[in-house]
Amino acid sequence: MEPIPVYRPRLTGNVVAYVNECLSSGWISSRGEFIPRFENSFADYVGAFGATSVSNGTVALHLALEALGIGRGDEVIVPSFTYIASVNTILQTGATPVYADSLEATLQVDPLSIASAITPRTKAIMAVHLYGHPCDMDAIANLCKTHGLLLIEDCAEAFGSRWRGKHVGTFGDAATFSFFGNKTITTGEGGMVLARDGELMERCRRLKSQGVSPDREYWHDMLAFNYRMTNIQAAVGLSQLEVVEEILRDKWKLAERYRDGLLGLPLRTHDAVGEVTHSHWMCSIILDDPKERDALRQHLAENGIETRPFFPPTHLMPHCRAEISLPVAESISSRGINLPSFPDLTEGQTARICAVIKSFYD
Ligand SMILES: *Cc1c(COP(=O)(O)O)cnc(C)c1O
C-alpha cells in the first residue's frame, strides 16, 4: 500500500508559469512584480487594510510584535497549547509570555483564562487560531477593549477561517500568516503580516527591510531586520491564491468524510462550533482516553499512515517553562492526533484511514 503522508501541497494553476517568469526575467530576489501582486491579492481576499510579505510565519510574528512596540517589561497573554513560534517570538522581543488555558470543545484559547491572567503589565493578547478553528473573537476583542490591550492574531493555521463571516486576521491590531509547505496555501517558506492602519503597516515595511530611510540612501534610523520574501515565493503564493477556493473546498469535504467515517468510536473529530468557518488546516481527532493515543498512532504507522501528535503544552517546555497547571491544555494535548489533511487525499484513502482506525478499536 502506498504510504499516506500528513501533508502534501497542491501546486497547480499558474505556479510553473509564474516561477519561470521570475527566472527568465531575472527578478528572483526580494524585488519584482509578484510581491505587490501577492500582497494586494492576499489583503483583498482576507478583507484586510493591507499586507506585507515576509520570509516565514515566525518572523511575521516577531515583526508584528516589534512593530507594536512590545518588549522588555511587557506581558503578552498566549495560549500554552500552540506551536512554539507563538511563544518564542514573544520571548525574542524581551517580553514575558503569560499562558492561558484552552477550551475542550474548540481547542482554542479560553477567554475566561485570559481574563484571569491580565495584570498591570499586560500589554497584548496573542490569539492563535489553532488547526484552522477560529478563537472566540467577540470575547477576546472585548477584553482588549475593556483593558486597553493590543491584539495580535497568529493565523498561521487559519487561512480561510472566519468568525461570524469575517476572515480571521481582521480583528487584531496586527495579524500574521505562514506559508510553510504544509500550510493551507504555501510559498515553500513564507509569511504575511497584516496591520490595522497605514502607520503600523509602514512600520512593518520599514522594520522588515533594514529600517532604511525613505528619502536617504543607505541611511538607517532604526534597529531593523531583513525579513523580506522573494519574488519567486510571491509568484508561488499568487498562484496558490488563484486556486484557493478549490483547496478550501476539498479540505472541507475531507473533514466531512472523516466526521462521517469515524462516528460511533470513543473519539471525536475537531468540528466547527458556533457561527464559524473552520478551514480544517489539520483534520484532527481527540480521543476519549489519552492512554490509547500512542498505540493508535503506532497502529496507523504500521499501516502506512503518517500522523502527528497534538502540540505539547509550551508551558512544560524547558526554555519557557511556567510552574502552573493548565488542565484543559494538558488534557487535549495528550489526546489529539492530526490525520492526513491534504486537499488531494482521495475518497479511497480517507476510507482506508477510517477503516484502520476502526480496526484499532475492534
Ligand atoms: C506554522 C506556524 C507558525 C510559524 O510559521 P513558519 O512559517 O513555520 O515559521 C507560527 N504559528 C503557528 C500557530 C504555526 O502553526
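Numbering of residues begins from 1 in every chain and follows the order in which that chain's sequence is written. Residue-level local features of this predicted model are given only where pLDDT is at least 70; pairs of side-chain atoms are given and counted only at 80 or more, and the full residue set underlies all totals for whole chains, interfaces and linings. The side-chain values count all of the structure's non-hydrogen atoms but skip hydrogen atoms and water molecules.

1. Things to note about the sheet that holds strand β9 (residues 191–195)
Inference 1: Whether two strands pair comes down to DSSP finding at least two bridges between them. Under the DSSP-based scheme used, a helix requires at least four consecutive residues in state H or I and a strand at least two consecutive residues in state E, with every element numbered from the N terminus. Strands sit in the order β1-β9-β8-β5-β4-β2-β3 across an open sheet of seven strands; the sheet is mixed. The strands lining the two open edges of the sheet, one partner per strand, are β1 (51–54) and β3 (96–100). The mean inter-strand angle of the sheet, taken between neighbouring strand axes irrespective of direction, is 25°.
Inference 2: Where strand β2 (residues 75–79) meets β3, five bridges bridge the pair, whose relative direction is parallel. Its bridge partner lying in β3, I77 is registered against V98.
Inference 3: Two residues qualify as a contact provided that any one of their heavy atoms is within 4.5 Å of a heavy atom in the partner residue. Axis definition: a line fitted to C-alpha atoms, over the contacting stretch in the case of helices. Angles run 0 to 180 degrees between N-to-C directions. Along the sheet, helix α6 (residues 137–147) makes contact with β4 (122–128) and β5 (150–154), crossing β5 at roughly 150°.

2. Examining the domain arrangement of the protein chain
Inference 1: A domain assignment, automatic or from a database, supplies the domain bounds used here. Parsing the protein chain into structural domains produces domain 1 (15–242) and domain 2 (244–361).
Inference 2: One C-alpha centre belongs to domain 1, the other to domain 2, and the line joining them spans 25 Å.
Inference 3: Contacts between domain 1 and domain 2 engage 40 residues on the former and 39 residues on the latter.
Inference 4: Note on terms: buried area is the combined drop in 1.4 Å-probe accessible area of two parts once they are placed together, counting the loss on both. Buried area between domain 1 and domain 2, summed over both chains or domains, comes out near 3300 Å², and the portion from carbon and sulfur atoms is 60%.
Inference 5: Every case where a carboxyl oxygen of Asp or Glu lies within 4 Å of a side-chain nitrogen of Lys or Arg is listed as a salt bridge. Taken together, the links from domain 1 to domain 2 amount to three salt bridges.
Inference 6: The salt bridge involving R164 is made with E275; its shortest N-O contact spans 3.0 Å.
Inference 7: Two N or O atoms count as a polar contact when they lie within 3.5 Å, although within protein this holds only if one can serve as hydrogen donor and the other as acceptor, and sequence-adjacent residues are included solely when both atoms are side-chain atoms. Counting the contacts that link domain 1 with domain 2 gives 23 residue pairs in polar contact (both at pLDDT 80 or more).
Inference 8: For this classification, the nonpolar set comprises Ala, Val, Leu, Ile, Met, Phe, Trp, Tyr, Cys and Pro, the charged set comprises Asp, Glu, Lys and Arg, and every other residue, Gly included, is treated as polar. Here the residues of the side of domain 1 that touches domain 2 are counted per class, giving 20 nonpolar, 13 polar and seven charged.

3. Topic: the sheet that holds strand β12 (residues 283–287)
Inference 1: With antiparallel pairing, four strands are arranged side by side in an open sheet as β10-β12-β14-β13. Every interior strand has two partners, whereas the edge strands, β10 (267–269) and β13 (308–309), have only one.
Inference 2: Sheet topology note: the β10/β12 ladder contains three bridges and is antiparallel. Along β12, the bridge assignment pairs T269 with I285.
Inference 3: Across the sheet, helix α11 (residues 327–335) is in contact with β12 and β14 (336–339); its angle to β14 comes to roughly 45°.

4. A word on the state of the cysteines
Inference 1: When two cysteine sulfur atoms lie within 2.5 Å, the pair is treated as a disulfide. In the structure shown here, the tally under the stated rule is zero disulfides.
Inference 2: C144 forms no disulfide, and the closest cysteine sulfur to it belongs to C135, at a distance of 11 Å.
Inference 3: The thiol of C283 is not disulfide-bonded; the next cysteine sulfur, from C354, is found 10 Å away.
Inference 4: The rule is simple: take the accessible area with a 1.4 Å probe, protein chains only, and divide by the maximum for that residue type; under 20% is buried, over 50% is exposed, in between is partly exposed. Here C283 falls in the buried class, since its relative accessible area comes to 5%.

5. Some words on the packing of helix α1 (residues 15–25) against helix α8 (residues 231–242)
Inference 1: Between α1 and α8, the shortest axis-to-axis distance is 8 Å and the interhelical angle comes to 160°. The angle between α1 and α8 places the two elements in the roughly antiparallel class. Between α1 and α8 lies a crossing whose hand is right-handed. Within the contact between the two elements, α1 uses V15, Y18, V19, C22 and L23 and α8 uses N231, I232, A235, V236, L238, S239 and E242.
Inference 2: The class makeup of the residues in the contact of α1 with α8 is nine nonpolar, two polar and one charged. Roughly parallel means an angle under 35 degrees; roughly antiparallel means over 145; roughly perpendicular covers 65 to 115; every other angle is labelled oblique. Crossing handedness is defined as follows: a turn of the near helix away from the far one that is anticlockwise and smaller than a right angle gives a left-handed crossing, while the clockwise case is right-handed.

6. Things to note about the environment of L300
Inference 1: Position of L300 among the secondary structure elements: in helix α10 (residues 293–302).
Inference 2: Distance from L300 to S30, taken between C-alpha atoms, is 42 Å for residues 270 residues apart in sequence.
Inference 3: If near-sequence neighbours (up to four positions away) are discounted, L300 is found in contact with I305, T307, L339, I353, V356 and I357.

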